[in-house]
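# Structural description and commentary
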Amino acid sequence: MEQPRPSPPPTLSAQEWEHLLDDFSSPPPRRDRWLHLPLLDLALSSLPRRDLPSHLKPLLLSLIDDHLLPPPTSSLPLLLSSLLSLPPDHSLRDHLLLTVASAFASALSAPLASPGEEAPPLAGLVDALLAAANRPNHATDRAARALACDALRALDEALPGLLADVLGHAYALASAERSPAAQSYILLLASAARGVVRLGRLGSSASILAVSGPPTPFSVPAHLLSSSPHASTPARPSEQNVREIRKVLALIMERPQVLTPAAAMEVAAVVAEVSSAVLKWAPAIAAQVKVQFGGMVYSSSPLLLHSLLMLFVQFPGAFGADDERKMARRLALAACEAHRPLLVRLLALHWLLGSERFRDSVPGLTRWFYPGMFDPLALKAKKLDCLGFAAASVGGDKVGGGVYGQQTTELIDDGLVSVSAFRWLPAWSTETGVAFRALHMVLVGAAPHSTNDTGGSGAGELLNSTTFHHFQAMLVDMASEHRSLVPVIADFINRLLACTPHRWVGEQLLRTIDESLLPRLEPGYQLASYYPLFEKIAQNEAVPQLRLIELLTKQMVSLAKTHDPDTELKSWSQGSKVVGICRIMLKHHHSSHIFLPLSHLLVRTIESFPDLEIRDHARICLRMLSCIPGKKLRNLMEIGEQPTPSHPGSMFDVPSPHHSQDSNSMPSLASYIHLERVVPLVVKQSWALTLPNFSVQSRASGNILSIQDVTATPPEQEKPPQPTIERIGYTQEALRVMDSRGAETLEILRRHFSCIPDYLHSSGLKIKIHCTFRFDSEPFNTAWGSDSAVSCPEGEDELPALYAVTITFSSSAQFGKVPSCHVPFLLGEPPSSGVDIVPVDNCHQEESSYRASVLIELEPREPSPGLIDVDIAANTENCQVVSGSLQPITVGIEDMFLNASLPPDTPKDGIDEYYQDLLHALWEACNSSSNTGHETFPLSGGKGLAAISGTRSVKLLEVTPKVLIGAVERYLAPFVVSVAGNSLITILRGNGVIKNVVWEESDSNGTVGADALVPYSMENNLQLQHIDDDEIGIGLARYAHISKRDMGVVRVLIFLPPRYHLLFLMEVGYSSTLVRIRTDHWPCLAYVDEYLEALL
């Protein structure tokens, strides 16, 4: 069972009180051990104790004032009894009186919560206070009487209307009091009169000054004992009460000179409230107020000036224009009096600008508003506000005349002299902020905000005013002469741009900077100070961008010229900012307006700027500018946009992409995304020849290797560096004797092979396949959740688009590593209308917004057809990832056809003869009985060696010459080396397709093809016969002799990468053509036969 708490001790010793006072003057945790005691009761009971030291008793009262108020209502009788028990001459009586009055005022509220418990002690306290105040005025205890009046006034403020019933007694006491305590009696009378007005007793028939007996005993008014609501609209005051309230007001205003400034301020507030209640029935009160309080305008007290301003507001008809000018002048003088506190001087200017009644007087007081040299900065700012308001008031003259325009510019210039240090102080200095705040006040004051949304009033007047033109010139001069002010000017303009009514002011200032400041600037590292202004110009669509782009172009050229190891970081930083400004232009301007100058700037950056990162960023911007339409470009630039990009590395950051959709539930990408060849293949290759990898040991001696690369082995350290040739399948042969013709052939071949790169030790020759990339809009929208469907080109902004497309290639054929391709942007093809005209031959389709050109580069290791697998990855507009495989690209044998490389020393007019000599040399070398079969030829680079092992074949084409000539001119014209035969030469020359070849015109009547592997005659059937190897080469010298029955011979030289050749000798007849074929890569013969048939 819980033990009962012991009863508290009846009193506390002096030592315990000292400990308690020390704990209450410390942080709260130390007080907790005393909170269970009835401290208020103990403190009050200890006051009359004689054993308690006298110095502790005032401390006990301070403890009550600071920590024990408000008290519980049950302690109010104890407080009252403690006050009444002290004798009138006790030293603690005045302090205890204030404590008890404060306790009652804080514990009670109107109406009383428990009238039965709270009303008796309240009535007893008021009785005691009224008895103290109702003493003769000649008594020596006037301080105690004044204190009693102040206590009564405090209770009346806490419980409104408490003294309404004793207004007559208060009037009598105040009129009879002539001692210095008269101020307390006047304030008590004013408080009681305000309570009567607030209770609406002026409308009753009873007199408000009627007295039926002495003020004591006091009874608590009925309105404090019940919560009955008062009438919302007060009744019309009776004439008697109007006269009596005027008597009260006359007494209150009779002696303002006996009031302190604080008391006068309170009296003025009460007079304004009471007078307003009866002003309608007694208008003469306003004149009386002006007479009694108007003299306070010459007072030096700010409280009295504030009281007079209150009366100005409350009685506008009582004070005329002269009084307003006099008051405005007094406030302006008060702000210039250096002996006054700063707060008072600021308050005087605040009153002057805050009141609409005094604003008309401000322009005439400008000479008082110039800041002094030693004025505090806050006071300078306030005075500059006054000067700005005055300048805006008189600055309405148009350009070209008017004294007021000149006066306004003088006000601005002379006013800024006081804070002229802002021109060389840092941009963040307070003086700079004060100066630009004053300039902003001038602009806003000249074109104030309007109540509607149509913009600021006076826009046209301000643009044509002398003030604004002077203001523009001032900003341009400051930006040109003081680079440190450029960020402040940029923020100043940005503040105007952010305000809808004054946006046109900011735009006009930007145009002025573009027209007047940019021509003054020179490129260099110092130009970086103006980048904040350049960004504002780039963001604004109303300002032309041509001057800015030209200046930035000069800046990039200057940075590139002055770049060195010591300025790498500076060049990178400034180049990043320039590219960032270009990016801002892309976002805020139509690309058609800035395309040409901005593209020149970006191209110059890509070509000449030394930093790789800046060049990459410029390349990205140029790609976006040239590929992406305007609206989609601006939408793209807003993705992941930061309000103020602080680091160039985040210039092109984008948010994380969304996850791609389920590929199993979507159609294949190949059904609506297409990568197609520009030039279709002649042969739709569907197969490829694959050879087994035979080992060297499995070959019999004497067999000639069909494909042979002979390379030099790395030399050992102990041996001198000389090439060692690995020969496979050859027997040792004796030294051969070679004639001059054979030596000439070997020289031509060596010269030719020296131009062929060694693909085993370096990059080889490459072939290029041109393709077009496109996708269909409707299937794409269906697959990726877009609802837009546009059927006309005018709706490009609604078409779907792919961004940052990466196309990767792979192949099992010997094409080497195929580099990937990138398409920055592509619009989907709009759906066809069903009546579109499509050309049959689409070999040369022009690139448009719906098609992108893709170039596939291959480095074949062997001239054979194959397939290239295609994979793509791209982003959609909503950041989804599109990835998958497309239809493979077919590589045919005709893709391998290249022209033979020319030696660098070949003259331009000797190219056709060189190709003819090369063809003859290769034709000779590809003969199996040729003496060059065992020769090796060094390739370009000097590491690799090549040997020729040729083979030959024939193909009979039973077509007319017209068909054959058309096929040769269409497909083989770049590879024709020479043409023999007069009739054939006449036809080909006349067509004009085949040019720069050797035309072999001859009148010989030799037989064509007499030495062919398969002799051909128009009269005899085709027969196969055995011909020795030595006999095959005999007829080569007679190829130029053309039979009368045949038209001529066409010789074709085709280079097959990496180092092989294909030779055609076409004997064109009137009814058929015999094609003699020689090559040093025999597997290609498997595709040549089908290719020749497909040509026709």
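Interhelical geometry of helix α30 (residues 740-753) versus helix α32 (residues 911-925) gives an angle of 110° and a closest axis separation of 9 Å. Viewed along their axes, α30 and α32 adopt a mutual orientation that is roughly perpendicular. Each of Thr745, Ile748, Leu749, Arg751 and His752 in α30 lies in contact with α32, whose residues at this interface are Tyr914, Asp917, Leu918, Ala921, Leu922, Glu924 and Ala925. When its residues are assigned to classes, the contact of α30 with α32 shows 7 nonpolar, 2 polar and 3 charged.

In this chain, Ala110 is followed by Pro111 through a cis amide linkage whose omega measures -10°. Within the element layout of this structure, Pro111 appears in the loop between α5 (93-107) and α6 (115-133). Here the residue pair Thr216 and Pro217 is connected by a cis peptide bond, since its omega of 0° sits within 30 degrees of zero. Residue Ala804 is not a glycine yet carries a positive backbone phi of 50°.

It is worth spelling out the pairing of strand β10 (residues 944-947) at this point. Residues of β10 alternate between two faces, with Gly944 and Ala946 on one and Leu945 and Ala947 on the opposite face, all of them buried. Pairing analysis gives 3 bridges linking strand β9 (residues 936-938) to β10, with the strands arranged antiparallel. When the bridges of β10 are listed, Phe937 appears paired with Ala946.

This part covers the pattern of salt bridges. Per the counting criterion, the structure on display carries 33 salt bridges. Its salt-bridge partner being Arg437, residue Asp385 comes within 2.4 Å of it at the nearest N-O pair. Here the residue Asp385 occupies a position in helix α17 (residues 377-394), and Arg437 occupies one in helix α19 (residues 430-446), the gap between them amounting to 52 residues. A relative accessible area of 4% means that Asp385 is categorised as buried. Between Glu829 and Arg774 there is a salt bridge, and its shortest N-O distance comes to 3.2 Å. A residue pair is termed long-range when its members are at least 10 positions apart, and Glu829 in the loop between β5 (821-827) and β6 (852-858) and Arg774 in strand β3 (residues 767-775) qualify at 55 residues. Arg774 sits in the buried class, given a relative accessible area of 13%.

The subject of this paragraph is the sheet that holds strand β7 (residues 866-875). Read across the sheet, 4 strands follow the order β5-β4-β7-β8 without closing on themselves; strand pairing throughout is antiparallel. Each end of this open sheet is capped by a strand with a single partner; those strands are β5 and β8 (881-891). For this sheet the average axis-to-axis angle between neighbouring strands, irrespective of direction, equals 25°. In this structure, strand β4 (residues 801-810) lies alongside β5, joined through 6 bridges in antiparallel fashion. When the sheet's bridge partners are listed, Leu802 is paired in β5 with Leu826.

In space, the 6 strands of this open sheet follow the order β11-β16-β15-β14-β12-β13, with mixed pairing throughout. One side of each edge strand has no neighbouring strand; the edge strands of this open sheet are β11 (951-957) and β13 (998-1000). Strand after strand, the sheet turns through a mean of 15° between neighbouring axes, direction not considered. Where strand β14 (residues 1046-1056) meets strand β15 (residues 1060-1069), 10 bridges bridge the pair, whose relative direction is antiparallel. Counted as the bridge partner of Leu1053 is Leu1063 from β15. Contacts from helix α33 (residues 961-972) reach β11, β12 (976-980), β14, β15 and β16 (1073-1079) within the one sheet, and its direction differs from that of β15 by about 155°. In the packing of helix α34 (residues 982-991) onto the sheet, the strands contacted are β12, β13, β14 and β15, and the crossing angle to β14 comes to about 60°.

Put simply, helix α27 (residues 591-608) and helix α28 (residues 612-627) touch, their axes get as near as 9 Å, and they point 155° apart. Comparing their axes, α28 and α27 come out roughly antiparallel. Note on packing geometry: the crossing formed by α27 with α28 is left-handed. Contacts between α27 and α28 pair Ser591, Phe595, Leu598, Ser599, Leu602, Val603, Thr605 and Ile606 from the former with Ile614, Arg615, Ala618, Arg619, Cys621, Leu622, Leu625 and Ser626 from the latter. Looking at the contact of α27 with α28 residue by residue, the class counts come to 10 nonpolar, 4 polar and 2 charged.

The next subject is the packing of aromatic side chains. The full count for this structure, using the stated rule, is 11 aromatic pairs. With a centroid separation of 4.9 Å and 55° between ring planes, the pair formed by Phe775 and Phe780 is classed as tilted. A single burial state applies to Phe775 and to Phe780, both of which are buried. Ring plane angle 85° and centroid distance 5.3 Å describe the contact between Phe897 and Tyr1091, whose orientation is recorded as edge-to-face. Of this pair, Phe897 sits in the loop between β8 and α32 while Tyr1091 sits in helix α36 (residues 1085-1095), and the two are 194 residues apart along the sequence. A single burial state applies to Phe897 and to Tyr1091, both of which are buried. Put simply, the rings of Phe436, Phe471 and Phe492 pair up and form one aromatic cluster. Its end group placed over the ring of Tyr525, Lys570 keeps NZ or CZ at 4.9 Å from the ring centre.

A surface patch of like charges, here negative, comprises Glu744, Asp909, Glu913 and Asp917. For Asp909, the position within the fold is in the loop between β8 and α32.

Looking now at helix α26 (residues 568-588). With 21 residues, α26 extends 31 Å between its outermost C-alpha atoms, agreeing within 8% with the 30 Å of an ideal straight helix rising 1.5 Å per residue. The buried fraction of α26 amounts to 15 of the 21 residues, a majority that puts the element mostly inside the structure.

You can see Thr512 is positioned in helix α23 (residues 503-517). The exposure class of Thr512 is buried, given its relative accessible area of 11%. For Thr512, the side chain forms a polar contact with the side chain of Gln472, separated by 2.6 Å. Every residue in contact with Thr512, bar those within four places of it in the chain, is listed here: Gln472, Val476 and Leu517.

So, about the nonpolar core. With 133 residues, the main nonpolar core has Trp17, Phe104, Leu122, Leu162, Met327 and Phe369 as its most contacted residues. Excluding its chain neighbours within four sequence positions, the residues that come into contact with Leu162 are Leu122, Val126, Leu155, Asp156, Phe218, Pro221, His223 and Leu224. If you look at the next biggest cluster of nonpolar residues, it comprises 76 residues, including Ala479, Ile493, Tyr531 and Phe825.

Time to look at α5. For α5, spanning 15 residues, the distance from its first C-alpha to its last is 21 Å, which sits close to the expected 21 Å at 1.5 Å a residue. Within the sequence span of α5, burial applies to Leu96, Leu97, Thr99, Val100, Ala101, Ala103 and Phe104.

What follows concerns the side chain of Gln574. Mapped onto the elements, Gln574 comes out in helix α26. Residue Gln574 is classed as buried on the basis of its relative accessible area of 5%. With near-sequence residues (within four places) excluded, Gln574 lies in contact with Gly524, Tyr525, Ala528, Tyr531, Gln555 and Leu559.

For the rest of this paragraph, the subject is the environment of Val683. Checked against the element boundaries, Val683 lands in the loop between β1 (673-677) and β2 (709-711). Placed 410 residues apart in sequence, Val683 and Glu1093 show a C-alpha to C-alpha distance of 9.1 Å.

Moving on, we get to the pairing of β6. What you see with β6 is a clean split: Ala852, Val854, Ile856 and Leu858 sit on the buried side and Ser853, Leu855 and Glu857 on the side with no burial. When β3 meets β6, the two strands line up antiparallel, connected through 7 bridges. In the strand pairing of β6, Phe773 is matched with Ala852.

Confidence in the prediction for the chain averages 79 pLDDT; 79% of positions are at 70 or higher. Counting interchain partners and residues more than four positions distant, the pLDDT-below-50 stretch residues 1-6 has 1 contact. Low pLDDT (under 50) marks residues 693-735, which in the prediction has 48 contacts with non-local residues, meaning those over four places away or in another chain.

Calculation notes
- Residues numbered from 1 in each chain as written.
- Predicted model: local features only at pLDDT ≥ 70, side-chain atom pairs only at ≥ 80, totals over all residues.
- Heavy atoms only, no water.
- Axes fitted to C-alpha atoms, helices over the stretch in contact; angles between N-to-C directions.
- Helix = DSSP H or I, 4+ residues; strand = E, 2+ residues; numbered from the N terminus.
- Parallel < 35°, antiparallel > 145°, perpendicular 65-115°, else oblique.
- Contact = heavy atoms within 4.5 Å.
- Nonpolar A, V, L, I, M, F, W, Y, C, P; charged D, E, K, R; others polar.
- Buried < 20%, exposed > 50% of the residue type's maximum accessible area, 1.4 Å probe, protein only.
- Pairing = 2+ DSSP bridges.
- Salt bridge = Lys/Arg side-chain N within 4 Å of Asp/Glu carboxyl O.
- Left-handed = near helix turned anticlockwise from the far one by under 90°.
- Phe/Tyr/Trp six-rings, centres within 6.5 Å; stacked < 30°, edge-to-face > 60°.
- Lys NZ or Arg CZ within 6 Å of the ring centre and 35° of its normal.
- Patch = residues over 30% accessible without salt bridge, like charges linked within 9 Å, V, L, I, M, F, W, Y side chains within 5 Å.
- Areas by Shrake-Rupley, 256 points an atom, 1.4 Å probe, with all protein chains shown as cover.
- Lys, Arg positive; Asp, Glu negative; His and termini not counted.
- Charge placed at Lys NZ, Arg CZ, Asp CG, Glu CD.
- Expected span 1.5 Å × (residues − 1).
- Polar contact = N/O pair within 3.5 Å; in protein donor to acceptor, adjacent residues only side chain to side chain.
- Core = buried A, V, L, I, M, F, W, Y, C linked by side-chain atoms within 4.5 Å.
- pLDDT = per-residue confidence, 0-100.

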